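An overview of the molecular structure
As a plain string of letters, each chain reads:
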Amino acid sequence: MTPEDILERVGEQVGVRRVFGTPVEHSGVLLVPVAVAIGGGGGSQGSEELGSGAGFGGMVRGIGVYEVKDGRVRFVPAVDTTALAAMGVVLAGLVLRATARRR
């Protein structure tokens with residue numbers, strides 16, 4: 001598989017379909033899931049002796065939904081409770097550390 005083949009496959013995976021999900025309608029409200037897709041990659045093709053190689057890394061994360069109701073559109077952000085809990089733990093650790101230094 002050449003680096004071009006790999007990049008073509010990656011392009012199929014990280015696209016609009018990953019950023020905007022399939023709309024869902026419920027009780028007269030249309031919801032369109034929204035995500036952020038981040039990725040990067042690279043490759044090289046050398047002589048037959050050296051060969052070729054490529055790599056790619058990426059992440060897709062849901063960030064909220066567009067809500068279409070009564071002809072109006074608004075963005076409703078997703079709340080990541082895991083990230084909020086992690087920030088709380090870090091903040092508590094910093095407060096405890098600062099308190100311990102003062103003693």
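Provided above is the structure to which this section pertains.
What counts as what
Residues numbered from 1 in each chain as written. Predicted model: local features only at pLDDT ≥ 70, side-chain atom pairs only at ≥ 80, totals over all residues. Heavy atoms only, no water. Helix = DSSP H or I, 4+ residues; strand = E, 2+ residues; numbered from the N terminus. Buried < 20%, exposed > 50% of the residue type's maximum accessible area, 1.4 Å probe, protein only.

**Examining unusual backbone geometry**
It is generally the case that most residues other than glycine have a negative phi and that most peptide bonds are trans. Look at serine 27: it is not a glycine, yet its phi comes out positive at around 55 degrees. Inspection of the secondary structure assignment puts serine 27 in the loop between β1 (24-26) and β2 (29-45). For serine 27, a relative accessible area of 66% puts it in the exposed group.

**Overview of the environment of valine 29**
Tracing the sequence through the fold places valine 29 in strand β2. The exposure class of valine 29 is buried, given its relative accessible area of 14%. Between the alpha carbons of valine 29 and glycine 71 there is a distance of 9.7 Å; along the sequence they are 42 residues apart.

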